[in-house]
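Residue-level structure breakdown
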Amino acid sequence: MNIDSTEISLQINEKLEEFLINVQKIKDLNNLEEVVQYLLEEEKSHQIKNRIRIINGLNKEFNKKEMDLEKIRELTGEALITFHERPMRKSKKAMDNFFDRNDISTCLNNLLDAEIEEKSIDTWIGGLTENEFKNLLGGAGAFTSVILEGCFPEKFIDIRYDRVTNLNEFFELDKVGKGYGERIIYTGKLANVISKTSIYKKYFPVENANAIIAGITCLIQHPSLISSSLEKNKSDKVTEEPYYVTKKSSKNNIRVPLNQILYGPPGTGKTYKTAKLAVEICDGHADQDRDALMQRYTELT
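Residues numbered from 1 in each chain as written. Predicted model: local features only at pLDDT ≥ 70, side-chain atom pairs only at ≥ 80, totals over all residues. Heavy atoms only, no water.

Here we look at helix H15 (residues 290–300)
Those residues of H15 not exposed but buried are Ala-292, Leu-293, Gln-295, Arg-296 and Glu-299. Considered in projection along H15, the buried side chains sweep an arc of 165° and stay on one side of the axis. At its buried positions, H15 is contacted by helix H8 (137–151), helix H9 (161–170), helix H10 (180–195) and helix H14 (270–283). (Buried < 20%, exposed > 50% of the residue type's maximum accessible area, 1.4 Å probe, protein only. Helix = DSSP H or I, 4+ residues; strand = E, 2+ residues; numbered from the N terminus. Arc of directions from axis to C-beta. Contact = heavy atoms within 4.5 Å.)

Overview of the packing of helix H7 (residues 118–130) against H10
In the contact formed by H7 and H10, the axes pass within 7 Å of each other and the chain directions differ by 125°. Comparing their axes, H10 and H7 come out oblique. Crossing of H7 over H10 shows right-handed handedness. Here Glu-118, Ile-121, Asp-122 and Ile-125 of H7 lie close against H10, whose contacting residues are Tyr-180, Gly-181, Glu-182, Ile-184 and Ile-185. For the contact of H7 with H10, the per-class residue count stands at five nonpolar, one polar and three charged. (Axes fitted to C-alpha atoms, helices over the stretch in contact; angles between N-to-C directions. Parallel < 35°, antiparallel > 145°, perpendicular 65-115°, else oblique. Left-handed = near helix turned anticlockwise from the far one by under 90°. Nonpolar A, V, L, I, M, F, W, Y, C, P; charged D, E, K, R; others polar.)

So, the packing of aromatic side chains
Within this structure, the stated rule accounts for 10 aromatic pairs. Aromatic pair Phe-98 and Phe-143: ring centres 5.4 Å apart, planes at 70°, arrangement edge-to-face. Note that Phe-98 is positioned in helix H5 (residues 89–99) and Phe-143 in helix H8, a separation of 45 residues in sequence. There is no split in this pair, since Phe-98 and Phe-143 are both buried. One aromatic cluster is present, formed by Phe-98, Phe-99, Trp-124, Phe-133 and Phe-143 through successive ring pairs. Over the aromatic face of Tyr-161 sits the side chain of Arg-183, whose NZ or CZ is 3.9 Å from the ring centroid. (Phe/Tyr/Trp six-rings, centres within 6.5 Å; stacked < 30°, edge-to-face > 60°. Lys NZ or Arg CZ within 6 Å of the ring centre and 35° of its normal.)

Describing unusual backbone geometry
Excluding glycine, residues mostly have negative phi values, and the peptide bonds linking residues are mostly trans. Positive phi values are uncommon outside glycine, yet Asp-28 reaches one of about 55°. Of note, Asp-28 is situated in the loop between helix H1 (6–27) and helix H2 (32–42). Taking relative accessible area as the criterion, Asp-28 reaches 67% and is therefore assigned exposed. The phi dihedral of His-46 is positive, around 55°, even though this residue is not glycine. Given the relative accessible area of 32%, His-46 is considered partly exposed.

Topic: H7
With 13 residues, H7 should cover 18 Å at 1.5 Å per step; its first-to-last C-alpha distance of 18 Å lies within 8% of that length. Looking only at H7, the buried set comprises Ser-120, Ile-121, Trp-124, Ile-125 and Leu-128. Viewed end-on, H7 has its buried residues packed into an arc of 130°, placing them on one side of the element. Of the exposed residues in H7, those oriented more than 90 degrees away from the buried face are Lys-119, Thr-123 and Glu-130. On its buried face, H7 sits against H5, helix H6 (104–112), H8 and H10. (Expected span 1.5 Å × (residues − 1).)

Considering the pattern of salt bridges
Under the definition given, this model contains 15 salt bridges. Close ionic contact of Glu-172 with Lys-15 constitutes a salt bridge, the shortest N to O distance being 3.8 Å. With Glu-172 in the loop between H9 and H10 and Lys-15 in helix H1, this residue pair connects regions lying 157 residues apart in the sequence. For Glu-172, a relative accessible area of 54% gives the class exposed. For Lys-15, a relative accessible area of 11% puts it in the buried group. Here Asp-158 makes a salt bridge to Arg-163, at a shortest N to O gap of 3.8 Å. Using a relative accessible area of 1% as the deciding quantity, one classes Asp-158 as buried. With relative accessibility at 2%, the residue Arg-163 sits in the buried group. It is possible to trace a salt-bridge network through shared partners that takes in Glu-70, Arg-73, Lys-92, Asp-96 and Asp-100. (Salt bridge = Lys/Arg side-chain N within 4 Å of Asp/Glu carboxyl O.)

Quick look at a negative patch on the surface
A contiguous patch of negative charge on the surface is contributed by Glu-115, Glu-117, Glu-118 and Asp-122. As for its placement among the helices and strands, Glu-115 is situated in the loop between H6 and H7. (Patch = residues over 30% accessible without salt bridge, like charges linked within 9 Å, V, L, I, M, F, W, Y side chains within 5 Å. Areas by Shrake-Rupley, 256 points an atom, 1.4 Å probe, with all protein chains shown as cover. Lys, Arg positive; Asp, Glu negative; His and termini not counted. Charge placed at Lys NZ, Arg CZ, Asp CG, Glu CD.)

Some thoughts on the confidence of the model for the protein chain
Here the protein chain averages 86 in pLDDT, while 85% of its residues score no lower than 70. Per-element confidence in the protein chain is highest for helix H11 (residues 198–203), whose mean pLDDT is 98, and lowest for strand E1 (residues 244–248), whose mean pLDDT is 46. Confidence drops under pLDDT 50 across residues 229–252; counting only partners more than four residues distant or on other chains, this segment forms 35 contacts. (pLDDT = per-residue confidence, 0-100.)

This is the structure in structure tokens:
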């Protein structure tokens, strides 16, 4: 997919402006300058602020003659806990086990010293899932993207598998492949295009562009991080509906009961339907790609 064309750049620019205007309305701000100030400094989950601090810290460590592996472990672990709508605690535990390896420096260098391409990334992730990240492909991919962003902050951004799908839907781009290597490299290129749009250059600082854009992509995927903080600001009491989740469709909002019993003979799709409902309840939407959906379901459980 060619995302470097002028037509695609203008399309991305328009959708990014749409996102900023939407935040302006939700937060009742006066202009887009205030929106950017809010995103950089005041957004409650600190998606951008945390990334700037953590990625700069990782980059400093990776550029030392002798890396401080404990500091890299600390910062990467913090990224897995704070860079997403929900903490990736299982992946954080797997990451800690990874850093306990005797050959940790060699393992990191196998990723960072190689010519970084789709195949080399997928091979490295494959090694993680065979060991510490067993049954945690999503966590292994997210961890790998953080390491790459920390070492090469101008080329990569941290990702979640389903975030890439969500971004392409938001920016109305063609589908990207299923491999993590392809998705990690693709989002780095997408971030580069975003940083060159007129709306980004007009309102956002030049420094830390990819860390800022990575934070924006998380907020695009999880707008509740913005809207929920508004509700909490309005009232100390937050109304909860524990028995229903609102499922959005193109036509209307459907209230789906959380307590459901699925029944039927073997092979009728109960397992898949259960996974789809669980992801929709947790994330507000479910990836249409079956592999991505089941991967997200595994991460959540």
